[in-house]
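# Summary of the model geometry
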Amino acid sequence: MTVLRAGAATDIGLVRANNQDQLLLAGSLYAVADGMGGHAAGEVASDTAVKALEAAWATRSAHDARALEAAARDANRKVWQTAQADPSLRGMGTTLVAVALTGSDEAEELAVINVGDSRVYLLRGGELAQLTVDHSLVAELVAEGQLAADEAEFHPQRHVLTRALGVDSDVPVDLVTVAPIQGDRLLLCSDGLIREVSDNQVASVLRRLSDPTEAARELVAEAKLRGGNDNITVVVVDVLDNSERAAQAWGGLAPDRDATASLVAEAGVDDVSDPTTSVPVVAPIPAPKATRRQHRKSSKAVAPTRPRVRIVTARVVLFFLLLLMVLGGGAAAVGWYGRASYYVGLSGQQLTIFKGRPGGVLWIHPTVAQGTGVTTSQVESRHLPELQAGVTESSLAAAQAYVTNLTHEYKQAHSQLAPTSPPSSAPSTSVPQG
Ligand code: MG
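For clarity, every value in this text was computed on a predicted model and none was experimentally measured. (Residues numbered from 1 in each chain as written. Predicted model: local features only at pLDDT ≥ 70, side-chain atom pairs only at ≥ 80, totals over all residues. Heavy atoms only, no water.)

## Here's the deal with the overall build of the protein
Within the protein, the secondary structure is distributed over 13 helices and 16 strands. The 434 residues of the protein split such that 44% are buried. Contacts spanning at least 24 positions in sequence make up 69% of the contacts within the protein whose residues lie at least 6 apart. Accessible area of the protein: about 21,300 Å², with a carbon and sulfur share of 55%. (Helix = DSSP H or I, 4+ residues; strand = E, 2+ residues; numbered from the N terminus. Buried < 20%, exposed > 50% of the residue type's maximum accessible area, 1.4 Å probe, protein only. Contact = heavy atoms within 4.5 Å. Areas by Shrake-Rupley, 256 points an atom, 1.4 Å probe, with all protein chains shown as cover.)

Printed below as a string of structure tokens:
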């Protein structure tokens, strides 16, 4: 007969005004809930969920895995009804993970349920494996290959859940079962732990401290040390045997892969070909078809966002600094290009030298650098189209030289015409039309 021993710790963290997490240790039923909602609604949601779960579990005649799933759905209904009955609680919701010892003496199982992004891990043979799948937008994007796992940490919608208790009258519940083995250690936690402490660091603490309460407290302390940006809740459950003490079960805490393989084989699990990459201890129980359809519907319709404080890390600051430098460099380059040259254009009938580019570049508009005192009637008319478009020169001197050339050209043409014209002729026929 399997005996469980558990320890737990919860903390408000260093940023939040209240602790919306809840935990439950009730016989061989354990749970963690992470509430969300304005004011006190998040606390009400998580508190209602764990109490309703405990009550529903207690009233079930058969304590099997399906009964735990049903109890979780009862808890969902209770949270939803509570929200419907009180306008100030509308929109509240909560995550829920729970573990319960189920089955008869001959075929005991640990049933694990999950809704949301709290997690359950199993430490077996020194190796840590996550038993639950997050119901969050980023987890789905990562699973679909649309987002790298390390990008998920900084994704702007990383707090959006695709499933939560209390936002609809029914919710699909993930259920897996684990055949318990002496020495197994389960960890239930809210995201306040896993956003601060890496899986490797979690595994290290779980291997080092054999007392479950000490391990839970240490994990909470680590999360606070690394920022404590959210409420942190941890439940550690050890699988003991009636005849053995935990100290014996955890006598050899170092990873022993051969031992893992043999333990798994004893548990009757088929695939032990590669115990280093996966510990095949989990037997996922597929949801009924109707439930899966509901899940797809609710994934789109229900996306509660937690009003969490965003973590500003050095990487984020560095990213924005680099972005500012790139934008600043781009603006400087546009400014240089827009102002670097001169052109000769028209200002009314006057030839004018402008600084800038004809028509301007983005927000850089040309400015008048110099008037020339030359009008369109003093240059050959064939130059007027190019002057209207603007004749670009590399410097002010080059622009001045261009104007001088135009006037020189005009004077030459007309000084050659003058001697051949009759002295009393009417206005020159060569006067260009402006
Ligand atoms: Mg949280």
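## Some thoughts on the packing of aromatic side chains
Geometrically, a pair of aromatic rings is defined through the distance of the ring centres and the angle of the planes. Following the criterion strictly, the structure yields one aromatic pair and no others. Measuring from centroid to centroid gives 5.0 Å for Tyr343 and Phe354, while their planes differ by 20°, and the two rings are stacked. Linking Tyr343 in strand 13 (residues 342-347) with Phe354 in strand 14 (residues 350-355), this pair joins segments that are eleven residues apart in sequence. Assigned by exposure class, Tyr343 and Phe354 land together as buried. (Phe/Tyr/Trp six-rings, centres within 6.5 Å; stacked < 30°, edge-to-face > 60°.)

## Regarding the pairing of strand 8 (residues 127-130)
Bridge analysis of strand 7 (residues 119-124) against strand 8 gives four bridges, and the strand direction is antiparallel. Pairing of Arg124 across the sheet is with Glu127, part of strand 8. The hairpin turn running from strand 7 into strand 8, its antiparallel successor, is two residues long, and Gly125 in that turn takes a positive phi close to 60°. (Pairing = 2+ DSSP bridges.)

## Description of the sheet that holds strand 14
The sheet built from four strands is open, its strands ordered 15-14-13-16 with antiparallel pairing. In this open sheet, the two strands that pair with only one neighbour each are strand 15 (367-375) and strand 16 (391-393). Strand after strand, the sheet turns through a mean of 30° between neighbouring axes, direction not considered. (Axes fitted to C-alpha atoms, helices over the stretch in contact; angles between N-to-C directions.)

## Notes on the sheet that holds strand 8
Spatially, the five strands line up as an open sheet ordered 1-11-10-7-8, and their pairing is antiparallel. Only two strands of the sheet have a single partner each, and these edge strands are strand 1 (2-11) and strand 8. In this sheet, adjacent strand axes meet at a mean angle of 20° when their direction is disregarded. As defined by bridge partners, strand 7 adjoins strand 10 (residues 185-189) across five bridges and the pair is classed as antiparallel. Across the sheet, residue Val120 finds its bridge partner in strand 10, namely Leu188. Sheet contacts for helix 7 (residues 212-225): strand 1, strand 10 and strand 11 (232-241); angle to strand 1, the most-contacted strand, approximately 30°.

## Points about the pairing of strand 9 (residues 174-178)
With four of its five residues buried, strand 9 lies for the most part within the structure. Relative to strand 9, strand 6 (residues 109-115) runs antiparallel, the two being bridged by five bridges. Its bridge partner lying in strand 9, Ala111 is registered against Thr177.

## What to know about the coordination of the magnesium ion
Distances from the magnesium ion to its protein donors, Asp34 (OD), Asp191 (OD) and Asp230 (OD), fall at 2.1 to 2.3 Å. For the magnesium ion, all donor residues lie on one chain, and their spacing in sequence is D-x156-D-x38-D. With a gap of 39 residues between them, Asp191 in helix 5 (residues 191-194) and Asp230 in the loop between helix 7 and strand 11 connect regions that are remote in the sequence. Note on accessibility: Asp191 and Asp230 belong to one class, buried. (Donors = N, O, S within 2.8 Å, 3.2 Å for Na, K, Ca; no water.)

## A look at the environment of Ala56
Of note, Ala56 is situated in helix 1 (residues 41-59). The sequence separation of Ala56 and Arg73 amounts to 17 residues, and the corresponding C-alpha distance is 9.3 Å. Not counting residues within four places of it along the chain, the set of residues in contact with Ala56 comprises Ala71 and Asp74.

## A short note on the nonpolar core
Leu53, Leu68, Leu96 and Ile113 are the most contacted members of the largest nonpolar core, which has 33 residues in total. Elements represented by at least two residues in this core include exactly strand 2 (21-26), strand 3 (29-36), helix 1, helix 2 (65-85), strand 5 (96-102) and strand 6. If near-sequence neighbours (up to four positions away) are discounted, Leu96 is found in contact with Ala31, Val32, Ala33, Val50, Leu53, Ala72, Ile113, Asn114, Val115 and Leu165. Listed in part, the 21 residues of the second largest apolar core include Ala9, Val205, Leu209 and Leu219. (Core = buried A, V, L, I, M, F, W, Y, C linked by side-chain atoms within 4.5 Å.)

## Focus on the confidence of the model for the protein
Scored by pLDDT, the protein has a mean of 81; 79% of the residues are at 70 or more. The low-confidence segment residues 242-281, where pLDDT is below 50, has 50 contacts with residues more than four positions distant or belonging to other chains. Ignoring residues within four places in sequence, the model shows residues 420-434, a span with pLDDT below 50, making 14 contacts including any to other chains. (pLDDT = per-residue confidence, 0-100.)

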